[in-house]
Every structure is written in structure tokens, then in C-alpha cells.
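# Summary of the model geometry
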Amino acid sequence: MLKRLFVYFLSCSLLLGGLAPSATVQSRTRNGIDVSEWQGKINWKKVARTGVRYAYIRACVGSHYVDSQFRRNHRNARRNKIKTGFYHYITARSVRQARRQARFFARTIEPYDYDLRPVMDFESFGRLSKREINRIALAYLKELKKRTGKKVAIYSDSNNATNTFTDSRLRKYPLWVAAYGTTRPPTGQWRTYAAWQYADDGRIPGICDDSVDLDYFRKGLLLRR
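Predicted model only: the values in this text are computed from it and were never measured.

Looking along a regular strand, one sees the side chains alternate between the two faces of the sheet. Buried residues dominate strand β6 (residues 153-157), accounting for four of its five residues. By the bridge criterion, three bridges tie strand β5 (residues 119-121) to β6 in an arrangement that is parallel. The partner of Val119 across the bridge, within β6, is Ala153. With helix α6 (residues 130-148) bridging β5 and its parallel neighbour β6, the resulting β-α-β unit is right-handed. As paired elements, β6 and strand β7 (residues 175-178) share four bridges and run parallel to each other. What sits directly across from Tyr155, in β7, is Trp176. Read as a crossover between parallel neighbours, the route from β6 over helix α7 (residues 158-163) to β7 is right-handed.

Let us now look at the environment of Asp200. With respect to the helices, strands and loops of the structure, Asp200 is situated in strand β8 (residues 195-202). Looking at Asp200, the relative accessible area reads 38%, which means it is partly exposed. Expressed as a C-alpha distance, the spacing of Asp200 and Asp34, which sit 166 residues apart in the sequence, is 9.5 Å. Dropping the residues within four chain positions of it, Asp200 is found in contact with Tyr180, Ser211, Val212 and Asp213.

Here we come to unusual backbone geometry. The phi angle at Lys81 is positive, at roughly 65 degrees, despite the residue not being glycine. Locating Lys81 in the fold gives a position in the loop between α4 (70-79) and β4 (83-89).

Right, let's get into the packing of aromatic side chains. Tallied over the entire structure, the rule returns 16 aromatic pairs. Relative to Phe86, the ring of Phe70 has its centre 5.6 Å away and its plane inclined at 80 degrees; by these criteria the two rings are edge-to-face. Of this pair, Phe70 sits in helix α4 while Phe86 sits in strand β4, placing them 16 residues apart in sequence. On the numbers, 5.7 Å between centres and 65 degrees between planes, the contact of Tyr193 with Trp196 is edge-to-face. A single burial state applies to Tyr193 and to Trp196, both of which are buried. Here the aromatic cluster, defined as three or more aromatic residues joined through ring pairs, consists of Tyr54, Tyr56, Tyr87, Tyr155, Trp176 and Phe217. The residue whose ring lies beneath Lys150 is Tyr114, and the NZ or CZ to ring-centre distance is 5.6 Å. Sitting over the ring of Tyr193, Arg218 keeps its end group 4.0 Å from the ring centre.

The subject of this paragraph is the nonpolar core. Within the largest apolar cluster, 56 residues are counted, with the highest numbers of intra-cluster contacts made by Ile33, Trp44, Val47, Phe122, Tyr140 and Phe165. Once you skip the residues sitting within four places of it in the chain, Phe122 turns out to touch Ile90, Ala92, Arg93, Leu128, Ile133, Ile136, Ala137, Tyr155 and Phe165. One finds Leu116, Val119, Ala153 and Ala195 within the second-largest nonpolar core, a separate group that totals 14 residues.

Within this structure, the stated rule accounts for seven salt bridges. Residues Asp67 and Arg58 are paired through a salt bridge, measuring 2.8 Å at the closest nitrogen-oxygen approach. The same class applies to Asp67 and to Arg58, which are both buried. One salt bridge in this structure joins Arg224 and Asp115, with 3.6 Å as the shortest N-O distance. Linking Arg224 in the segment after β9 (212-217) with Asp115 in the loop between α5 (95-109) and β5, this pair joins segments that are 109 residues apart in sequence. Look at Arg224 and you get exposed, because its relative accessible area is 51%.

Calculation notes
- Residues numbered from 1 in each chain as written.
- Predicted model: local features only at pLDDT ≥ 70, side-chain atom pairs only at ≥ 80, totals over all residues.
- Heavy atoms only, no water.
- Buried < 20%, exposed > 50% of the residue type's maximum accessible area, 1.4 Å probe, protein only.
- Helix = DSSP H or I, 4+ residues; strand = E, 2+ residues; numbered from the N terminus.
- Pairing = 2+ DSSP bridges.
- Right-handed = clockwise from strand over helix to strand, strands pointing away.
- Contact = heavy atoms within 4.5 Å.
- Phe/Tyr/Trp six-rings, centres within 6.5 Å; stacked < 30°, edge-to-face > 60°.
- Lys NZ or Arg CZ within 6 Å of the ring centre and 35° of its normal.
- Core = buried A, V, L, I, M, F, W, Y, C linked by side-chain atoms within 4.5 Å.
- Salt bridge = Lys/Arg side-chain N within 4 Å of Asp/Glu carboxyl O.

Structure representation (C-alpha cells):
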């Protein structure tokens, strides 16, 4: 674990145009990022040297698409002793599609070892009603837990966590919340967050093709503590 002073320096130096989490928050959290093929070919050795210890990797999108870098990212992150987890950007428009997409995600990540809970990233709603969105989310998470045999979690920006994901049954799934330019992210019906994506424009050595999301992780997303 890095010294608190270094964590503070790193978060301030990487966060562009937003507010870094408070020192109190930093003392209870872990340094992390989340990535997809948009970051290109990542030099995970350089990333690890910056103090990043946790990384969420996009595995797939919708019902069929597998992220072109997910296997490489997983392999090289773990080689550099970074704890990993996977997330799935879902596009379901019905409960039936939600279950099918959950099965697709579970099949995609089944051959791999990982340290963090599989995560549902549901933010593309189209014309779905709030009731439909909540039903789809619940069906997906239940099916994903069943198919992976793992505890699972939900990713959401703070607005949707507060105003869209309102079914009380979702509370049992830890929240990874995205909120920028604040020192205290709104979490809606969740009392607190398991992870906080506090910036979407970070720049760190080893990632050259694009900016990267910066996160603070708590114990709530770890499969094994």
C-alpha cells in the first residue's frame, strides 16, 4: 500500500479540471483505473509503477461484442501484480435480453481469474421507462450472479444512481459511482459507494492513446479480502 502522501500527490497530479477526493476519503481507499480498447495497447509495467493497484477492464458490449484488448489487458495487468475485475456495457431493452447479455458476459470471463466483482455498466437506456430500466438491471444482476457464482456489482453515474436506479432491491449490489468535480459523490439510495470514478480525463505513464478514468476503490468490490 502506498503512503498517503504519495496517493494524495498522484490523485492531484492526474486529475484534470476536477476536485480530488478529500484526504479522509483517500485514507480509506485504493488507487485504481478502468480501461477498454479505447486506451489502445497499454504498457502495464509503467502503469504499475505509478501506484495503480486495481483495474477494471471492459470485457464486452451488448450481446456479441468482445473488447479487442480485454484479454491482453487482463494478462498484462496481472503480470504486473495489479488486481483486476471485468465490466460489461449492456444494451438490453428487455428482461429477456438482459438475461442473455448476462450469460454472454459470464461465458466471456469464465476462463479467467479475477479479484473484483463482475460489474454491470447500464447507462444506455433509449426510450425505456424507469420501471423497465430497474427490471432489466435486476434481471441482469441476478442472472450474472447465478452464471458466474460470484458476487456482482453495479456501475452508475451519480445522476442515474439517484434518479433512475430507484428499486430498493438494487441496494444489495455494491455501487461503483461516477461523479466528477466533487469531494462527496451523491449515491442515491445507497448509503455509500464501493468505488468512486472521480475523473474521466486522467493521464498516466503507460497509457498513450487516450485519457483514462481514475478511481478509488474500497473493499466492497473485492471478491476475496
